[in-house]
Amino acid sequence: MSIPEFSLRLQHGITGGFAPPTPEAIITITGIPTQNLLNISSAVRPKGTPSLQDAVPKSISAADAHTAELVNELKDILKSIPTESPPGSEDIYGLDTSIAFGSEDLVWQNGSPQGCGRGESSVKPTEDDKTKFKRAVEIVKELQAKDA
């Protein structure tokens, strides 16, 4: 099983108020099938600090069957769950987390209001959709935690 070419960005801390949101973590993953690699960087904001630390990059092999299975499971989940409408209107999954995923056959992104504006999404996820989104976040964190 191989991985698709893709890019992904997960941000924890997406809900703003009067001020824009303050991210607690940003994880980026780029799938490079020609090299059988995942390039991963993560930047975390320690509690009580004003900003993210510098991103820590690493590469992990995507030749491992478990890694490829996780990537494909993640893509399948995102294909099956909705995003808010209009975009950025509401954090419909309630995890203060966004995922932006792009590949040849899928562009998927959820979000939240930025700043003072608040809205309501016309799309509401089911409990099953919420469980799937939570699993998608877990997969990203599992990939990020793998040893280089």
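Q: I keep staring at the overall build of the chain and nothing clicks. Help me out?
A: Within the chain, the regular secondary structure consists of two helices and six strands. The N-to-C order of helical and strand elements in the chain reads β-β-β-β-α-β-β-α. Taking 15 Å as the expected radius of gyration for a compact globule of 148 residues, we find that the chain reaches 16 Å, a close match to that expectation. With respect to the three principal axes, the spread of C-alpha positions in the chain is 45 × 35 × 25 Å. Looking at the chain residue by residue over its 148 residues, the buried ones come to 41%. Counting contacts in the chain only where the partners sit at least 6 residues apart, residues at least 24 apart contribute 63% of the total. Approximately 7,800 Å² of the chain is accessible, and the part contributed by carbon and sulfur atoms is 52%.

Q: Where do I start with the packing of aromatic side chains in this structure?
A: Remark: the centre distance and the inter-plane angle together describe each pair of aromatic rings, the angle taken between the planes. On inspection of all chains with the given rule, the structure shows three aromatic pairs. Between Phe6 and Phe101, the aromatic rings sit 5.3 Å apart at their centres with planes inclined by 10 degrees, giving stacked as the arrangement. A residue pair is termed long-range when its members are at least 10 positions apart, and Phe6 in strand E1 (residues 6-12) and Phe101 in strand E5 (residues 97-103) qualify at 95 residues. Phe101 sits in the buried class, given a relative accessible area of 3%. Plain terms: the ring middles of Tyr93 and Phe133 are 4.4 Å apart, the flat faces sit at 15 degrees to each other, and that makes the pair stacked. Of this pair, Tyr93 sits in the loop between helix H1 (65-80) and E5 while Phe133 sits in helix H2 (residues 127-145), and the two are 40 residues apart along the sequence.

Q: In this structure, what is going on with the pairing of strand E2 (residues 25-32)? I would like to understand it.
A: Moving residue by residue along a regular strand, the side chains alternate between the two faces of the sheet. Both E1 and E2 contribute to a ladder of seven bridges, which runs antiparallel. Paired with Leu8 across the two strands is Ile29, which belongs to E2. Both E2 and strand E3 (residues 37-44) contribute to a ladder of eight bridges, which runs antiparallel. For Ile26, the partnering residue across the bridge sits in E3 and is Ala43.

Q: Help me understand the side chain of Thr97, please; the structure alone is not making it clear to me.
A: Inspection of the secondary structure puts Thr97 in strand E5. Those residues in contact with Thr97, other than ones at most four positions away along the chain, are Leu10, Gln11, His12, Ile14, Asp91, Asn110, Phe133 and Val137.

Q: I tried to follow H1 on my own but got confused; where do I start?
A: Structural remark: α-helix, 3.6 residues per turn; residues separated by three or four positions point the same way. Between its first and last C-alpha, H1 extends 23 Å over 16 residues, near the 22 Å set by a 1.5 Å rise per residue. Among the residues of H1, Thr67, Ala68, Leu70, Val71, Asn72, Leu74, Lys75, Ile77 and Leu78 are the ones counted as buried. In this fold, the buried residues of H1 make contact with E1, E3, strand E4 (56-61), E5, strand E6 (106-109) and H2.

Q: Would you mind showing me how to read the pairing of E1 here?
A: Across seven bridges, E1 lies against E5 in antiparallel orientation. Bridge pairing in E5 links Phe6 to Ser103.

Q: Is there a simple way to explain the pattern of salt bridges in this structure?
A: Where charged atoms from two side chains of opposite charge approach closely, those side chains can pair. A complete count under the given rule lists 10 salt bridges for this structure. In this structure, Glu90 and Lys124 form a salt bridge, with 2.9 Å as the shortest nitrogen-oxygen distance. Here Lys124 lies in the loop between E6 and H2 and Glu90 lies in the loop between H1 and E5, a separation of 34 residues in the sequence. Glu90 gets classed as partly exposed once you look at its relative accessible area, which sits at 22%. For Lys124, a relative accessible area of 44% corresponds to the partly exposed category.

Reading guide: rules and limits
- Every chain is numbered independently, its residues counted from 1 as its sequence is written.
- Only residues with pLDDT of at least 70 are given local features in this predicted model, and only at 80 or more are side-chain atom pairs given and counted; all residues enter the totals for whole chains, interfaces and linings.
- To obtain the side-chain values, all non-hydrogen atoms of the structure were used and water was disregarded.
- Helix numbering and strand numbering both begin at the N terminus, where a helix is a DSSP run of H or I of at least 4 residues and a strand a DSSP run of E of at least 2.
- Between the two quantities, the radius of gyration covers C-alpha atoms and the globule rule is 2.2 Å times the number of residues to the power 0.38.
- We call a residue buried when its accessible area falls under 20% of the maximum for its residue type, exposed when it is over 50%, and partly exposed in between, using a 1.4 Å probe and counting protein chains only.
- For this analysis, residues touch if any pair of their heavy atoms sits within 4.5 Å.
- Each accessible area value is a Shrake-Rupley result obtained with a 1.4 Å probe; residue values ignore everything except the protein chains displayed when judging cover.
- Each aromatic pair joins two rings of Phe, Tyr and Trp (for Trp, the six-membered one) with centres within 6.5 Å, and gets the label stacked for planes under 30 degrees apart, edge-to-face for over 60, and tilted for any other angle.
- By this definition, two strands are paired if DSSP reports at least two bridges between them.
- A helix is expected to span 1.5 Å for every residue after the first.
- Salt bridges are defined by distance alone: a side-chain nitrogen of Lys or Arg within 4 Å of a carboxyl oxygen of Asp or Glu.

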